[in-house]
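Observations on the model geometry
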Amino acid sequence: MSSDDERDEKELSLTSPEVVTKYKGAAEIVNKALQVVLAECKPKAKIVDICEKGDAFIKEQTASMYKNSKKKIEKGVAFPTCISVNNTVGHFSPLASDETVLEDGDLVKIDMGCHIDGFIALVGHTHVLQEGPVSGPEVALRLVRPGKKNTDVTEAIQKVAAAYDCKIVEGVLSHQMKQHVIDGNKVVLSVASPEATVEEVEFEENEVYAIDIVASTGDGKPKLIDEKQTTIYKKDETVNYQLKLKASRFTISEITKNFPHMPFTARSLEEKRARLGLVECVNHGHLQPYPVLYEKSGDFVAQIKFTVLLMPNGSDRITSHTLQELQPTKTIEDPEIKGWLALGIKKKKGGGKKKKAKKAGEKGEASTEAEPMDASSNAQE
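Residues numbered from 1 in each chain as written. Predicted model: local features only at pLDDT ≥ 70, side-chain atom pairs only at ≥ 80, totals over all residues. Heavy atoms only, no water.

- The name an unreviewed UniProt entry gives the chain is ERBB-3 binding protein 1, with Capsella rubella as the organism.
- Per UniProt, the chain carries the Subcellular location (unreviewed entry) text "Nucleus". (UniProt positions renumbered as here; feature names shortened; annotations may be inferred.)

Given below as structure tokens:
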């Protein structure tokens, strides 16, 4: 690698304070957007209206940032707001004409993302209206750290799910993220199987990951029911196939101009003719679809997604939302799971002790001490 390449890579990694600031700025916005969406999740509320409010909030908040920058900085929605209910696994972000509403007793999954200059923060949250299988995120956070392997996290997620008598949904991947890259090459499988394998890799300092955990009371093998429900796509920049239909060429032109790197919803394609070209674009690989999958009717699916920065002083989860208080049905007794929960993560700044340390002449930086977690919390945080 040349010195110029090394310098460019450093400027785009967490070794650059500006990059960390952009990640954390995006995280702050998407965390607030999640609160806005949660406040809208009420019985009889139209799902599409809630999705649009989530996306609108992110666009509004990012629009005022870096307005005076000398170069144009892309910013906005990194992943369209999705509201997936009960046995729907994810990616439900319907068109404006859809009349689906929330009902009292629904288990609601919210998935969304924001980016500033291509530096992405994703978050997923489950609003549990009854006791449900929300487990696993704390263990994953504590194992996503330099020196650990992706297979360590896969094994841990499986073990915690089994302790709670639920299944981790197959096909869900957690990706490394980089500037303008939401699905990097380093991947964590939630479920390892002969059909689904990834290369074993080690987590390294200054990397960024979106950890996505989806648990089900069903068999964890979701099915596609209706392709027409797919509304989220991402442009594949490596495909150069010459599209035949005029509508398709118009569609890909609009997408290249407005959504060159990030996933988008078909709702964002303002003209009807742009939507007409989606089929050929997908068939020839220009667009990667995010299908809406389902477990069996009567099953419940819960999701937690968070963004973690692998900082020199510990893993720093920058997106999250406090889960509703659940009455635990299980107490974790497994010594290995308790050991995982006792691993340290990056502590947040603040508190009186920190001020005293600064007065004593020490730097007021975030502590790198381990922050163990009491296993009696049952990984419900």
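Picking up after the structure, the text goes on.
1. As for the sheet that holds strand β11 (residues 287-290)
- Here we have 3 strands laid out as an open sheet, ordered β10-β9-β11, and antiparallel in their pairing. Two strands close off the open sheet at either side, each with one partner strand: β10 (264-265) and β11.
- Relative to β11, strand β9 (residues 232-235) is paired through 4 bridges, and the arrangement is antiparallel. By the bridge assignment for β11, Lys235 is matched with Leu287.
- Contacts from helix α6 (residues 246-258) reach β9, β10 and β11 within the one sheet, and its direction differs from that of β9 by about 80°. (Pairing = 2+ DSSP bridges. Helix = DSSP H or I, 4+ residues; strand = E, 2+ residues; numbered from the N terminus. Contact = heavy atoms within 4.5 Å. Axes fitted to C-alpha atoms, helices over the stretch in contact; angles between N-to-C directions.)

2. Digging into the pairing of strand β3 (residues 119-127)
- A large share of β3 lies buried, amounting to 9 of its 9 residues.
- Where burial is concerned, the two faces of β3 agree: the one with Phe119, Ala121, Val123, His125 and His127 and the one with Ile120, Leu122, Gly124 and Thr126 are both buried.
- Here strand β2 (residues 108-116) pairs with β3 via 9 bridges, running antiparallel. Bridge pairing links Lys109 to Thr126 in β3.
- Counting the residues in the hairpin turn of β2 and β3 gives 2 residues, including Asp117, whose phi is positive at 60°. (Buried < 20%, exposed > 50% of the residue type's maximum accessible area, 1.4 Å probe, protein only.)

3. Observations concerning the pairing of strand β7 (residues 208-216)
- In terms of residue burial, β7 counts as a mostly covered element, since 9 of its 9 residues are buried.
- Side chains Val208, Ala210, Asp212, Val214 and Ser216 of β7 all project onto a buried face; the interleaved residues Tyr209, Ile211, Ile213 and Ala215 project onto the opposite face, where all are buried too.
- Strand direction decides the pairing type here: strand β4 (residues 167-168) and β7, joined by 2 bridges, are antiparallel. Bridge assignment links Ile168 to a residue of β7, and that residue is Ala215.
- In this structure, strand β5 (residues 173-177) lies alongside β7, joined through 3 bridges in antiparallel fashion. Each bridged residue has a counterpart across the sheet, and for Met177 the counterpart in β7 is Val208.
- With 9 bridges joining them, β7 and strand β13 (residues 301-311) adopt antiparallel strand pairing. Looking at β13, one finds that Ala210 is bridged to Thr307.

4. Description of the packing of helix α2 (residues 17-40) against helix α3 (residues 47-63)
- The N-to-C vectors of α2 and α3 enclose an angle of 150°; their axes lie 9 Å apart at closest approach. Judged by the angle between their axes, α2 and α3 are roughly antiparallel. Crossing of α2 over α3 shows right-handed handedness. Of the residues in α3, those in contact with Ile29, Val30, Lys32, Ala33, Val36, Val37 and Glu40 of α2 are Ile50, Lys53, Gly54, Phe57, Ile58, Gln61 and Thr62.
- Here the contact of α2 with α3 is built from residues that sort into 8 nonpolar, 3 polar and 3 charged. (Parallel < 35°, antiparallel > 145°, perpendicular 65-115°, else oblique. Left-handed = near helix turned anticlockwise from the far one by under 90°. Nonpolar A, V, L, I, M, F, W, Y, C, P; charged D, E, K, R; others polar.)

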